Amino acid sequence: MRPTYLEVNLPQLKQNLENIRKHVSPAKVLVVLKANAYGHGVDGVAPFIAPFADYIGVAIVEEGIHLRKMGIATPILVMGGTLPGQLPDFFEYDLTLAASSLDLLTAAEQLAESARKRLKVHLKIDTGMERIGVREYEAEPLLEKSWACRHLDIEGIFTHFANSEATAPRAERLSGFVEAKLQLKRFQEVLSMYEKRNQPQPAIRHMANSGATLSLRESYFDMVRPGVLFYGVYPARDIEKTIEVKTALAWKSQVVYSKITLPGRGVSYGSLWQAEAPTRTVTIPCGYADGYLRRMSNQARVIINGKSYPQVGRVCMDQFMVNVGGDDVRVGDEVTMLGEGIAPEELADWAGTNEYEVMTNISARVPRIFVGAVQ
Ligand SMILES: *Cc1c(COP(=O)(O)O)cnc(C)c1O
């Protein structure tokens, strides 16, 4: 197998889910498995975690189809935007539609009627993201249409926070918290339309992402949708850690080349780094095509034999170099890029991005090893 690999600790993910569940109970938990399970590898994560999830969330219909073809039987909500032409797949693979417009809801009802099949639907309300969904001030026609749909099961209604990290009621985040509360109020306004019109509310009302799961209990309703938190990462640095979770990832490799680099010999593309005195540099067979982001050049650190060393020069597509100074680091020595105290947060800082982007960029070329799959 390739010396560069990603180790995924499945029991840790289960522990994270259990801790979340304990905190939000009796609300249900939708486990977000989009984007290759936030880079962890959906083929290993999904079969392991599905029996413990009330619902699974994916972004696009293809991700839902992939899960069904794997034999996953848990209800799956496709949370992102859907084109009318993609609707037949929802029927064929028993996927739940996020009805984000009156047109889409109408098309689904017509297809259900002509195909003589039923379809589960969650109405998507836009309370302040301006991405997809019907805004609260124009929601009434969508609700009215949903009450008239005879061939759809309007199982849920949901909305999405625009401030995943800004829900903590801290002074410096006050504007984000106020914004989150405003979104909550708008969602409650939509829900109150049901009472005014004497209609039962959908059984599964949901809103909370990771940030709100940590800090805004009023937003739980019937189900929460923690993504990054399930993977053991807090959505913001200073958010209150009301639920204990830990990352399940270790990204490792092995030294593939070891040599003494002399001063005056620039290291890697663009010669961005040079040694001031003779030093040992080692080469790691992992690069930006694996998701070791090029933006981390001359910023990142790795651990070899328990010690932290700086990455030097540009990260190449398939390899990068590390300065180990006078230490005796040899070909074959284990290298840790993530884990052993290096958190996704640090990679995010080195690359000037967030943990979500770091994790979801670990590419398909990196084999995933799932630890503890037998329960
Ligand atoms: C991705 C996503 C989530 C999870 O977001 P986190 O910030 O990772 O918790 C929840 N809901 C929707 C609609 C999403 O697209």
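No experiment lies behind these values; they were computed from the predicted model shown. (Residues numbered from 1 in each chain as written. Predicted model: local features only at pLDDT ≥ 70, side-chain atom pairs only at ≥ 80, totals over all residues. Heavy atoms only, no water.)

(A) Quick peek at the environment of R330. Tracing the backbone shows R330 in the loop between β16 (320-325) and β17 (334-338). Here R330 falls in the exposed class, since its relative accessible area comes to 51%. The residues contacting R330, other than those within four sequence positions of it, are V255 and S258. Among the polar contacts listed, one links the side chain of R330 to the side chain of D328, at a separation of 2.7 Å. (Helix = DSSP H or I, 4+ residues; strand = E, 2+ residues; numbered from the N terminus. Buried < 20%, exposed > 50% of the residue type's maximum accessible area, 1.4 Å probe, protein only. Contact = heavy atoms within 4.5 Å. Polar contact = N/O pair within 3.5 Å; in protein donor to acceptor, adjacent residues only side chain to side chain.)

(B) Focus on the packing of helix α6 (residues 102-115) against helix α7 (residues 140-148). Contact pair α6 / α7: the axes reach a minimum separation of 10 Å and the direction vectors enclose 10°. As judged from the angle between their axes, α6 and α7 are roughly parallel. Along its contact with α6, which presents L102, L105, T106 and E109, the element α7 presents P141, L142, K145, S146 and A148. The residue inventory of the contact of α6 with α7, partitioned by class, reads five nonpolar, two polar and two charged. (Axes fitted to C-alpha atoms, helices over the stretch in contact; angles between N-to-C directions. Parallel < 35°, antiparallel > 145°, perpendicular 65-115°, else oblique. Nonpolar A, V, L, I, M, F, W, Y, C, P; charged D, E, K, R; others polar.)

(C) Looking closely at the site of the ligand. Every residue close to the ligand is listed here: K34, Y38, M79, R131, H160, N209, S210, R225, P226, G227, V228 and Y356. Contacts to the ligand include K34, whose side-chain N or O atom sits 2.7 Å from an oxygen atom. Between H160 and the ligand, the recorded distance is 3.4 Å, taken from a side-chain N or O atom to a nitrogen atom. About the coverage of the ligand: the protein hides 92% of its 390 Å² of free accessible area. Considering only residue class, the shell around the ligand consists of five nonpolar, four polar and three charged. (Near = heavy atom within 4 Å. Areas by Shrake-Rupley, 256 points an atom, 1.4 Å probe, with all protein chains shown as cover.)

(D) Examining the packing of aromatic side chains more closely. One pass over the full model with this rule turns up eight aromatic pairs. Taken together, a centroid distance of 4.7 Å and an interplanar angle of 70° make the contact between F230 and Y231 edge-to-face. Of the two residues, F230 and Y231, both sit in the buried class. Three or more aromatic residues joined by ring pairs make a cluster, and in this case those are Y38, F230, Y231 and Y356. Of note, K241 hangs over the ring of Y234, and the distance from its end group to the ring centre comes to 5.0 Å. (Phe/Tyr/Trp six-rings, centres within 6.5 Å; stacked < 30°, edge-to-face > 60°. Lys NZ or Arg CZ within 6 Å of the ring centre and 35° of its normal.)

(E) The arrangement of the sheet that holds strand β15 (residues 307-312) in detail. Spatially, nine strands are ordered β12-β13-β16-β15-β14-β17-β11-β1-β18 in an open sheet, and the strand pairing comes out mixed. Bordering the open sheet on either side are β12 (257-261) and β18 (368-371), each of which pairs with just one other strand. Between one strand and the next, the sheet's axes are offset by a mean angle of 35°, whatever the strand orientation. Bridge count between β12 and strand β13 (residues 279-284): five bridges; the pairing is antiparallel. Of the residues in β13, the one forming a bridge with K259 is T281. Seen against the sheet, helix α1 (residues 10-24) touches β1 (5-9) and β18 and runs at an angle of roughly 45° to β1. (Pairing = 2+ DSSP bridges.)

(F) Local environment of the nonpolar core. The biggest cluster of nonpolar side chains holds 118 residues, and the ones touching the most others in it are L33, W251, Y292 and I304. At eight residues, helix α8 (residues 174-196) tops the list of elements feeding residues into this core. Summarising the domain contributions, this core has at least three residues from each of domain 1 (10-224) and domain 2 (249-371). Sequence-distant contacts of L33, that is, excluding residues within four places in its chain, are made with V42, V45, A46, I49, I56, G57 and Y231. In terms of nonpolar packing, the next biggest core, distinct from the first, is built from five residues, V267, W273, A275 and V312 among them. (Core = buried A, V, L, I, M, F, W, Y, C linked by side-chain atoms within 4.5 Å. Domains from an automatic or database assignment.)

(G) Inspection of α6 at higher detail. Between the first and last C-alpha of α6 there are 20 Å, a value that for 14 residues agrees with the 20 Å anticipated at 1.5 Å per step. For α6, the full list of buried residues reads L104, L105, A108, E109 and A112. Projected down its long axis, α6 carries its buried residues within an arc of 135°, all on one side. Residues of α6 that are exposed and point more than 90 degrees away from the buried face comprise D103, Q110 and S114. Looking at the packing, one finds that the buried side of α6 touches α5 (87-92), β5 (96-99), β6 (119-126), α7 and β8 (152-158). Positive phi appears at R116, one or two residues downstream of α6, with a value of about 50°. (Expected span 1.5 Å × (residues − 1). Arc of directions from axis to C-beta.)

(H) Representation of the domain arrangement of the chain. Segmenting the chain into domains produces domain 1 (10-224) and domain 2 (249-371). Each of domain 1 and domain 2 has a C-alpha centre, and these two points are 38 Å apart. Carbon and sulfur atoms supply 65% of the area that domain 1 and domain 2 bury against each other, a total of about 820 Å² over both sides. Three residues, Y38, G39 and H40, lead the burial of domain 1 against domain 2; their summed loss comes to 56% of the area buried on that side. Linking domain 1 to domain 2 there are zero salt bridges. Summed over the shared surface of domain 1 and domain 2, the number is two residue pairs in polar contact (both at pLDDT 80 or more). (Buried area = accessible area lost by both parts, 1.4 Å probe. Salt bridge = Lys/Arg side-chain N within 4 Å of Asp/Glu carboxyl O.)

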